[in-house]
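Architecture and fold: a report
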Amino acid sequence: MILALVCSSGACSAQAGKGRLLEEVIVTAQKRSQSLQDVPMSVSALSGDLAAEAAITDAQDLVQYTPNVKFTASNPQYSSTMIRGFGSPPLARNIEPSVGLVIDGISYGRSTFTNDGVFDLERLEVLRGPQGTLFGKNTIAGVLNFTTKSPSLDTGGYVQGTEERLDGKRYEAAIGFPLIEDTLAARISWRKREKYLGLFNTARDNEKEEFKDESVRLRLDYFLSEDVELKLIAFSTEYEGVGNGFQHSYLTETARRTFEQRDPRIEDDEFNDTRSSNSPTYSNRDSDSVALKLDMNVGDFMMFRNGSVSGLASWARVDTPFLLDTDFSPVNTGYFETDGPDRYMQRQFELRYSADSGPLFGWGESVDWMFGVFAGNAQSKVSQETSLVLDGLIALAPVIAEGRGIPLPSFLGPLFSLLAEVGVIPGSGEDFTIETAVRVKSETYALFGQADWHLSDTVTASLGLRHGEETIDGEQSNYSDSIVPSLTNGSENYYAKDRLKEREVSPKLAISWSPVDELTVFGNISKGFKSGGFSGPVIHTRSLQYEPEEAVSAEVGIKSRLFDDTLEVNATVYSMQFENLQLNVFDGTAIYTVNVDDAESRGVELDFRWLPPMPWLSVQGSLGFNETQYGHFPCGPTTWDDTDALPECGQNAHPSQDLSGKELPYNPKVSASLSPTIRFPIVPRWGIGGMMAVDVIHQGEHYLDYDLDEQTFQKATTKINARLAIGPEDKRWAVIFNAKNLTEVKEKLLVLDTILQGGNYVAITRPDETQYSVDFRYNFGEMD
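Residues numbered from 1 in each chain as written. Predicted model: local features only at pLDDT ≥ 70, side-chain atom pairs only at ≥ 80, totals over all residues. Heavy atoms only, no water.

Tallying secondary structure elements over the chain gives nine helices and 47 strands in all. Seen through its principal axes, the chain has C-alpha atoms that stretch 85 × 65 × 50 Å. Summarising the internal contacts of the chain: among those between residues at least 6 apart in sequence, 69% fall at separations of at least 24. Working note: accessible area of the chain is about 30,900 Å², and carbon and sulfur atoms make up 56% of it. Across the chain, the 69 positively charged side chains and the 113 negatively charged ones have centroids separated by 3 Å. (Helix = DSSP H or I, 4+ residues; strand = E, 2+ residues; numbered from the N terminus. Contact = heavy atoms within 4.5 Å. Areas by Shrake-Rupley, 256 points an atom, 1.4 Å probe, with all protein chains shown as cover. Lys, Arg positive; Asp, Glu negative; His and termini not counted. Charge placed at Lys NZ, Arg CZ, Asp CG, Glu CD.)

Shown next, in the form of structure tokens:
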């Protein structure tokens, strides 16, 4: 693997008399295997070898090599994917993602499953724009399509150990082997990670901010005959995290004085690896998935030739229990935790028939057909039990008053703190509780199909259509036995129950033209649909439901292989129009989902791979420009210091500002990567060589909240990563040294207004110090 690194990330091979050539990349972006260059839409493909070489263990690092894609995983609950500026943002606990997630052909309804597909990886495909025709609802912005390594009828695998800075350790292993000769093969993959996060909690004098993560995957391939193959795919993951990573990023003087009375070491530098939180916290995650797949050749039938049937039945669930300090501070005002774990469970069934036929009406050469049916159901329970301590709320009163624009004399701060110390209610602990929950059940049925009509050797037209219907039942509730929550955060006691019925129609039209073998020009128009649903858990009735969103996308692009197959350049120009865009809004006390009338995105994206004349060098890179903005949005969420709702927003509306025409957050306008790789001999007589690679990764400036608060602004970043590998030509072993963020860039992942503390902020950040790691890998048996 390592000595071929010039050809693993750059994918090259040699032919007699021709030198190095770029290898063809095979993808399943249209639910069948085909060359990346033949897919008439914007797709990027990343190899699993790149992930292994660059010590990439999560999607957050992997997708940064693709243009106009941003993945954020600040902790197991708060993961999100944005493509072309659209997607489901962090804190979306009860909302299905706008970017679809597929692992080994199985669709998952929560983005928190994403990192279950990263280890023992064969390939990641990033599909941009609506993918509803073949991948269904909730793929309105695109799809992350992971393919893990398959079993082999020959025994082989690898073991790998990694040492990282901050006492990080990672172990991986995989073995593929035959169970029945030429009939049944298995592959077992395993990964275990543990790492000290480097956070010191000054309020608790506690350094145990760490996580442990262990995953195992089993794949079985059973060849019943030459025409029938049965596959079993199962995985399980357990994640245990202590701490949530939030650090104060800005404190007002009032907040600082109040907090210093409890913790003199309080500060607001989000990059110095300290936080001050009085409550013990945790953030865990357990996931399981089992799928059975059937592939069967059925031959000819009527007008259809070379027919095949593919069936898929799957089950998956994920539990995410956590406890969060409500105020993120050393003052004991309370905390909230899940009432039992947040749980999501899904069942799916899909059946597809694929075949080809002669041309329609005698026009053209042939047609490739695909027809399918889909059925699925899902259940989710998202809850929280908020505990409030009256003494702590009294101590926090000056900060709460300041956040609501109520001036208080400075001497009242120490007085309130003294009252809290004495105890307004002697012996009081958790004085009041708020129990909040939302439960959702859904059933989905769909018919879909696509025809690729080869009009000539050079022109293909594709037409796809999906029709689906969904029934969604939701229950929402909030209850407290005290009036204090209603006075402090607007909590309302309520119970609501409703049913939504939705219908989706997702068409697609694409055309591609290849005037020469080395060039394909394509264009497509597609429509996507994302379900509406029930906000939650929310403590008030301000916005209990949200409407479905729809998008129409248009693309024009080229795919080319130049200079005797040594340069590959793929480029796309696109425009996307959204209606009823779903946004998660945080109003200082609660998070809920609202709709924006419209929004739009337009831009350019480019990928390239190059094998220069120098035989020791390969280069790959990407470049994306994206401009995304709200359309008509007069009632957008506003910053903490603007507490007024605009008159046109109606009664009981949240505080508002007119965001019409403004940019959307989580959207770097420019994204780019450049990765040159060189190979060189070290001990030629023993066949030992080396590889050195440098990654330059740039993300433009952007906001990290929908209200465009300046405190959430992230400056443009340019990171430089480097790696050095040593190993023999037979690829039996390798030692890989990695250094990430050599430029010590400061990057924020998530910024929040602190609850009830307007003008104060907390953030989760990535390490701003260079992270080093050393990987030791040994391959045995048949090479992957």
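Next comes the rest of the write-up.
A separate point is the side chain of threonine 254. Tracing the backbone through its elements, the reader meets threonine 254 in helix α5 (residues 253-260). Among the polar contacts listed, one links the side chain of threonine 254 to the side chain of glutamate 402, at a separation of 3.1 Å. Each residue touching threonine 254, except ones within four places of it in the same chain, is listed here: Pro398, Val399 and Glu402. (Polar contact = N/O pair within 3.5 Å; in protein donor to acceptor, adjacent residues only side chain to side chain.)

Quick look at the sheet that holds strand β6 (residues 69-73) now. Read across the open sheet, the three strands follow the order β6-β7-β8; overall the sheet is antiparallel. Looking at the sheet topology across the chains shown, the edges are occupied by β6 and β8 (86-87). In this sheet, strand β7 (residues 79-83) lies alongside β6 in antiparallel orientation, the contact comprising five bridges. Looking at the pairing, valine 69 lines up with isoleucine 83 of β7. (Pairing = 2+ DSSP bridges.)

Bringing the nonpolar core into the picture now. In terms of nonpolar packing, the biggest core is built from 64 residues, with Leu124 and Phe146 touching the most fellow members. Per-element accounting of this core gives the leading share, five residues, to strand β34 (residues 567-586). In this structure, leucine 124 is in contact with Ser44, Ala45, Leu46, Leu62, Val63, Leu144, Asn145 and Phe146, ignoring residues within four places of it in sequence. Counting residues in hydrophobic clusters, the runner-up holds 19 residues, among them Ile266, Val331, Leu388 and Phe432. (Core = buried A, V, L, I, M, F, W, Y, C linked by side-chain atoms within 4.5 Å. Buried < 20%, exposed > 50% of the residue type's maximum accessible area, 1.4 Å probe, protein only.)

Taken together, the side chains of Phe349, Leu351, Val373 and Leu447 make up a nonpolar region of the molecular surface, amounting to roughly 330 Å² of accessible area. Residue placement: phenylalanine 349 occurs in strand β25 (residues 342-357). Residue classification places phenylalanine 349 among the partly exposed positions, given a relative accessible area of 39%. (Patch = residues over 30% accessible without salt bridge, like charges linked within 9 Å, V, L, I, M, F, W, Y side chains within 5 Å. Salt bridge = Lys/Arg side-chain N within 4 Å of Asp/Glu carboxyl O.)

The subject of this paragraph is the sheet that holds strand β46 (residues 761-765). Spatial strand order, β19-β46-β45: three strands in an open sheet with antiparallel pairing. The sheet terminates laterally at β19 (247-250) and β45 (748-753), the two strands that pair on one side only. Direction aside, neighbouring strands of the sheet carry axes that sit 40 degrees apart on average. Relative to β46, β19 runs antiparallel, the two sharing three bridges. Pairing of histidine 248 across the sheet is with valine 762, part of β46. (Axes fitted to C-alpha atoms, helices over the stretch in contact; angles between N-to-C directions.)

Glancing now at the pairing of strand β36 (residues 617-630). By the criterion of burial, β36 is predominantly enclosed, with eleven of the 14 residues buried. Counting the residues between successive antiparallel strands, the hairpin from strand β35 (residues 591-610) to β36 contains six residues. Judged from the nine bridges that link them, β36 and strand β39 (residues 670-683) form a sheet pairing that is antiparallel. Opposite glutamine 620, over in β39, you have serine 675 as the bridge partner.

Using the criterion set out here, one finds 15 aromatic pairs in the structure. For the pair phenylalanine 304 and tryptophan 369, a centre-to-centre distance of 5.9 Å together with 85 degrees between the ring planes defines the contact as edge-to-face. With phenylalanine 304 in strand β22 (residues 304-320) and tryptophan 369 in strand β26 (residues 366-388), this residue pair connects regions lying 65 residues apart in the sequence. Taken individually, phenylalanine 304 and tryptophan 369 each receive the classification buried, so the pair is uniform in this respect. Look at tyrosine 703 and phenylalanine 713: their rings are 5.2 Å apart centre to centre, the planes differ by 65 degrees, and that puts the pair in the edge-to-face class. Linking tyrosine 703 in strand β41 (residues 702-703) with phenylalanine 713 in strand β42 (residues 713-714), this pair joins segments that are ten residues apart in sequence. With a relative accessible area of 24%, phenylalanine 713 lands in the partly exposed category. Chaining the aromatic ring pairs together yields one cluster made of Phe304, Tyr353, Trp369 and Phe371. For arginine 217, the ring lying beneath its charged end belongs to phenylalanine 119, and the centroid distance is 4.1 Å. Over the ring of tyrosine 158 we find arginine 777, and its NZ or CZ is 3.8 Å from the ring centre. (Phe/Tyr/Trp six-rings, centres within 6.5 Å; stacked < 30°, edge-to-face > 60°. Lys NZ or Arg CZ within 6 Å of the ring centre and 35° of its normal.)

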